[in-house]
Amino acid sequence: MTTQAEPLVLQARAKAGIDEVRQALTDPKALNLWLSEHSNVDLPGTFEFWGRYIPEGDAPHQRVVGYDGSTLTLAWTLGGEETTTEITLTPDADDATVIKLSQTHFDFADAISGANIRGVLQTFWSLALANLVDHLEGRELTTRPDFTSPVFEGEALIDAPIEQVYSSLTESEKASAWFGFPIGIDARKGGRFAMGGFDVNPGVEIVDLVEGRKMSTDWGPAGISTWELAESDGKTRLTFVMSGFDESNPPYGAWLGWLSGVAALRRYAELPDWSIWVA
């Protein structure tokens, strides 16, 4: 049983009108670009999404509880329990829209242990909303997870010089800004990488570092996380991989956390008004 009394709530702001956002949310072709591999939508009666980009996506497991044009409420059976997902669209200033997502049955302990697939919900929806906003704003989308595969690898082309991207990945203050969470980084081989900062966490070991190009960190049972940078016509190609974990229980939550982080890093490097998140 989940122990969380309050639902997970995420809010993102898209520079698009509410009609455009509603279209991206309810058109199956658009849904298949930013959310799922397959979808079936016929509101107010049907809203289903499934496929390899969705946890337990072997078949659709959603049913519509309510829809009024601005708020969509779904029952989603996941990890053996029926959860509730609610998405609300609200017009904002400058022809923008705030997308509020509420999700029940998320327990952070499951995100750490991997004991239940519902542990991926926070990072799953963070990445999905980031891709929805980028889709609406005409930007390239970030790699989506494949829940049918234990191969964790991807790449992103960032419209910024390699030196800028490297500093954003290795300097604590910059990494904390785009990741949205305190991070301590002692950027050297044998140094430490600490989620939450060194004041509260000794961190994990940096097992490889090539100045200006590459870093690998050892997350124990979650495996080795490696990123590498290459110059590409004035832009920076970021490639990343996680390996060395138990393939019978892949750390999908951690992988989704990295992917949603890449989406934020791209915006941080490319846009002056980069953050999509609303407190």
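Just above sits the structure.
Residues numbered from 1 in each chain as written. Predicted model: local features only at pLDDT ≥ 70, side-chain atom pairs only at ≥ 80, totals over all residues. Heavy atoms only, no water.

Digging into the overall build of the protein
So the rule is basically this: Runs of E in the DSSP output that reach at least two residues are strands. Runs of H or I that reach at least four are helices, and both are numbered from the N terminus. Between the two quantities, the radius of gyration covers C-alpha atoms and the globule rule is 2.2 Å times the number of residues to the power 0.38. Each residue gets one of three labels from its accessible area relative to the maximum for its type: buried under 20%, exposed over 50%, partly exposed in between, using a 1.4 Å probe on protein chains only. It only takes one pair of heavy atoms within 4.5 Å for two residues to be counted as in contact. Residue burial considers only the protein chains on display, and all accessible areas are found by Shrake-Rupley using a 1.4 Å probe. Residues scored as charged are limited to Lys and Arg (positive) and Asp and Glu (negative), so that His and the chain ends carry no count. The atoms used to mark charge sites are NZ of Lys, CZ of Arg, CG of Asp and CD of Glu.
Check the secondary structure of the protein and you find seven helices and 14 strands. For the protein, whose C-alpha radius of gyration is 19 Å, the value lies close to the compact-globule estimate of 19 Å for 279 residues. Projected onto the principal axes, the alpha-carbon positions of the protein cover approximately 55 × 45 × 30 Å. Residues classed as buried in the protein amount to 48% of the 279 residues present. A sequence separation of at least 24 residues applies to 50% of the contacts in the protein between residues at least 6 apart. Within the structure as shown, the protein displays about 12700 Å² of accessible surface, and the carbon and sulfur contribution to it stands at 50%. For the protein, the distance from the average site of its 20 positive side-chain charges to the average site of its 41 negative ones is 4 Å.

Here's the deal with the pattern of salt bridges
Note the following rule: Any carboxyl oxygen of Asp or Glu that lies within 4 Å of a side-chain nitrogen of Lys or Arg is treated as forming a salt bridge with it.
Per the stated rule, a full pass over the model turns up 16 salt bridges. Of the charged contacts, one joins Arg237 and Glu155 as a salt bridge, the two residues approaching to 2.9 Å between their closest N and O atoms. Residue Arg237 is located in strand 14 (residues 235-243), and its partner Glu155 is located in strand 8 (residues 152-158); the two are separated by 82 residues in the primary sequence. Here Glu155 falls in the partly exposed class, since its relative accessible area comes to 43%. A single network of salt bridges, built from pairs that share partners, joins Asp134, Glu137, Arg139, Arg266, Arg267 and Glu270.

Notes on the sheet that holds strand 12 (residues 214-218)
For clarity, the cut-off: Being paired, for any two strands, means DSSP has found at least two bridges between them. Lines fitted to C-alpha atoms define the axes here, with helix axes fitted over just the stretch in contact, and angles between the N-to-C directions of these axes take values from 0 to 180 degrees.
Ordered in space as 8-14-13-12-11-10-9, the seven strands form an open sheet in which the pairing is antiparallel. Where the open sheet ends on each side, the last strands, each with one partner, are strand 8 and strand 9 (183-185). Put simply, the sheet's adjacent strands are angled 20 degrees from each other on average, direction ignored. Strand direction decides the pairing type here: strand 9 and strand 10 (residues 192-195), joined by three bridges, are antiparallel.

So, the pairing of strand 14
Side chains Thr236, Leu238, Phe240 and Met242 of strand 14 all project onto a buried face; the interleaved residues Lys235, Arg237, Thr239, Val241 and Ser243 project onto a face where none is buried. Relative to strand 14, strand 8 is paired through seven bridges, and the arrangement is antiparallel. Counterpart to Leu157 in the pairing with strand 14 is Arg237. Pairing of strand 13 (residues 224-232) with strand 14 involves nine bridges; the strand directions are antiparallel. Across the sheet, residue Thr226 finds its bridge partner in strand 14, namely Val241. Between strand 13 and strand 14, which follow one another and run antiparallel, lie two residues, and Asp233 among them has a positive phi close to 55 degrees.

Digging into helix 4 (residues 121-136)
Condition: Multiply 1.5 Å by the residue count of a helix minus one, and that product is the helix's expected span.
The end-to-end C-alpha distance of helix 4, which contains 16 residues, comes to 22 Å, matching closely the 22 Å that a straight helix rising 1.5 Å per residue would cover. Counting buried residues in helix 4 gives 14 out of 16 residues, a clear majority hidden from the surface. Just past helix 4, the residue Gly138 takes up positive phi, approximately 75 degrees.

A word on unusual backbone geometry
Going from Leu43 to Pro44, the amide bond is cis rather than trans, its omega being 15 degrees. Tracing the backbone shows Pro44 in the loop between strand 2 (38-42) and strand 3 (46-50). In this structure, Asp95 takes a positive phi of about 55 degrees despite not being glycine. Within the fold, Asp95 resides in the loop between strand 6 (81-92) and strand 7 (96-103). For His105, which is not a glycine, the phi torsion comes out positive at approximately 65 degrees. Here His105 shows up in the loop between strand 7 and helix 3 (108-113).

Description of empty space enclosed by the protein
Basically, it comes down to this: Cavity: a set of points on a 1 Å grid over the protein atoms alone where a 1.4 Å probe fits but cannot get out. Pocket: an open set with protein on both sides within 12 Å along at least five of seven lines, its lining residues, like those of a cavity, having an atom within 4 Å of a point. Grid points are joined across faces, edges and corners, and a volume is the space filled by probe spheres set on the points. Throughout this entry, Asp, Glu, Lys and Arg are counted as charged residues, while Ala, Val, Leu, Ile, Met, Phe, Trp, Tyr, Cys and Pro are counted as nonpolar. The remaining residues, Gly among them, count as polar.
One pass over the structure, following the stated rule, counts two cavities of 30 Å³ or more. Together, Trp34, Leu35, Tyr53, Phe124, Leu127, Ala128, Asn131, Arg144 and Pro145 line the largest cavity. Looking at which element gives the most residues to the lining of the largest cavity, the answer is helix 4, with four residues. Tallied by class, the residues present in the lining of the largest cavity amount to seven nonpolar, one polar and one charged. Estimates place the volume of the second largest cavity at around 30 Å³. Lining of the second largest cavity is provided by Arg22, Leu25, Tyr67, Gly69, Ser70, Thr71, Leu72, Ile87 and Leu89.

Details of the sheet that holds strand 7
Strand order in the open sheet formed by five strands is 1-7-6-5-4, with antiparallel pairing between adjacent strands. Looking at the sheet topology across the chains shown, the edges are occupied by strand 1 (8-14) and strand 4 (62-67). On average, each strand axis in the sheet is tilted by 20 degrees relative to the strand beside it, whichever way the strands run. Here eight bridges tie strand 6 to strand 7, and the two strands are oriented antiparallel to one another. From the neighbouring strand, Thr90 faces strand 7, where its bridge partner is Val98. The strands touched by helix 1 (residues 18-26) within the sheet are strand 4, strand 6 and strand 7, with strand 6 carrying the most contacts at an inclination of about 155 degrees. The strands that helix 4 touches are strand 1, strand 5 (71-78), strand 6 and strand 7; relative to strand 1, the one it contacts most, it runs at about 10 degrees.

Don't take any of this as a statement about function, it's just geometry.
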